[in-house]
Amino acid sequence: EPEVTQTPSHQVTQMGQEVILRCVPISNHLYFYWYRQILGQKVEFLVSFYNNEISEKSEIFDDQFSVERPDGSNFTLKIRSTKLEDSAMYFCASSVSKTVTPGYTFGSGTRLTVV
Amino acid sequence: AQSVTQLGSHVSVSEGALVLLRCNYSSSVPPYLFWYVQYPNQGLQLLLKYTTGATLVKGINGFEAEFKKSETSFHLTKPSAHMSDAAEYFCAVTTIGAQKLVFGQGTRLTINP
């Protein structure tokens, strides 16, 4: 069964450093998403991306965050200057269409720890 | 705005007992409702979903959920718990045309032998 792949599974970074989280969506999917789950809290939507543009973003997704599809397969989330409160599990998801469908598939996540 | 409330951050049941995980939602328009499961160190796996039609929805691993509009609920049940059901369960809501899911806080299910 097709999977969304996220790398790395764990990343530790120092406060103030830039970090890039990588995702390989399912190959025929066109819509891409990032979610965040701070330890012990709910999973929260960050951003959706389609046709090389952000289509929706949450209040969490401020100027410190950016997303990019640098090539035909990868979808990345960059945090420019990490803060302690950015420590969380970050999930990538992709879907074949705009609405949430059975094809809306999550990756296994990247646990980011900012020290 | 939509929201989801999962009653009980931790639920513990004995193997073979009924599993009941509660989810209530708030939505001003007809909702689409989902249950996801997260096993340790894994991603979010879709258990089942309700969009339209039959209000009793069957999912994978013997789970089912019933959409009750009058109660704004979408509780998840399984008649007989198995040790392999131990995981974190998330209820989520969205609406037609929406791109994002709104999640509840999750319920950690523990199965006692």
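Cut-offs used in this document
- Residues numbered from 1 in each chain as written.
- Chains lettered and ligands numbered in written order.
- Predicted model: local features only at pLDDT ≥ 70, side-chain atom pairs only at ≥ 80, totals over all residues.
- Heavy atoms only, no water.
- Contact = heavy atoms within 4.5 Å.
- Buried area = accessible area lost by both parts, 1.4 Å probe.
- Salt bridge = Lys/Arg side-chain N within 4 Å of Asp/Glu carboxyl O.
- Polar contact = N/O pair within 3.5 Å; in protein donor to acceptor, adjacent residues only side chain to side chain.
- Helix = DSSP H or I, 4+ residues; strand = E, 2+ residues; numbered from the N terminus.
- Nonpolar A, V, L, I, M, F, W, Y, C, P; charged D, E, K, R; others polar.
- Pairing = 2+ DSSP bridges.
- Axes fitted to C-alpha atoms, helices over the stretch in contact; angles between N-to-C directions.
- Buried < 20%, exposed > 50% of the residue type's maximum accessible area, 1.4 Å probe, protein only.

S.K.: Hey, could you run me through the interface of chain B and chain A in this one?
M.R.: Size of an interface: often given as the accessible area lost when the parts come together. Listed as interface residues are 18 residues of chain B and, on the opposing side, 19 residues of chain A. Buried surface at the junction of chain B and chain A, both sides included, amounts to about 1800 Å², of which 59% is carbon and sulfur. It is L44, Q99 and F103 of chain B that lose the most area in chain B upon contact with chain A, and together they represent 36% of the buried surface on that side. Between the two partners, chain B and chain A, sit one salt bridge. A salt bridge links E56 of chain A to K100 of chain B, with the shortest nitrogen-to-oxygen separation between them at 3.4 Å. Taken together, the connections running from chain B to chain A amount to four residue pairs in polar contact (both at pLDDT 80 or more). Looking at the side of chain B that touches chain A, the elements with two or more residues in it are strand 4 (31–38), strand 5 (44–50) and strand 9 (87–95) of chain B. Element by element, the count of residues in the side of chain B that touches chain A is highest for strand 4 of chain B, at three residues. Taken together, the residues that form the side of chain B that touches chain A break down as eight nonpolar, eight polar and two charged.

S.K.: Can you help me understand the sheet that holds strand 3 (residues 19–24) of chain A in this one?
M.R.: Two strands in a sheet stick together by hydrogen bonds in their backbones, pointing the same way (parallel) or opposite ways (antiparallel). All names here are of chain A. Here four strands make up an open sheet; going across it, the order is 1-3-8-7 and the pairing antiparallel. Since the sheet does not close on itself, it has two edges, and those belong to strand 1 (5–7) and strand 7 (65–68), each with one partner. Ignoring which end each strand starts from, the neighbouring axes of this sheet average 20° apart.

S.K.: Just checking my understanding: could you explain the environment of K57 of chain A for this structure?
M.R.: Residues and elements named next belong to chain A. Along the chain, K57 turns up in strand 6 (residues 53–57). By relative accessible area, which is 52% here, K57 ends up exposed. With 21 residues separating them in the primary sequence, K57 and K78 have C-alpha atoms 14 Å apart. Residue contacts for K57: discarding those within four places in its chain leaves F45, L46 and V47.

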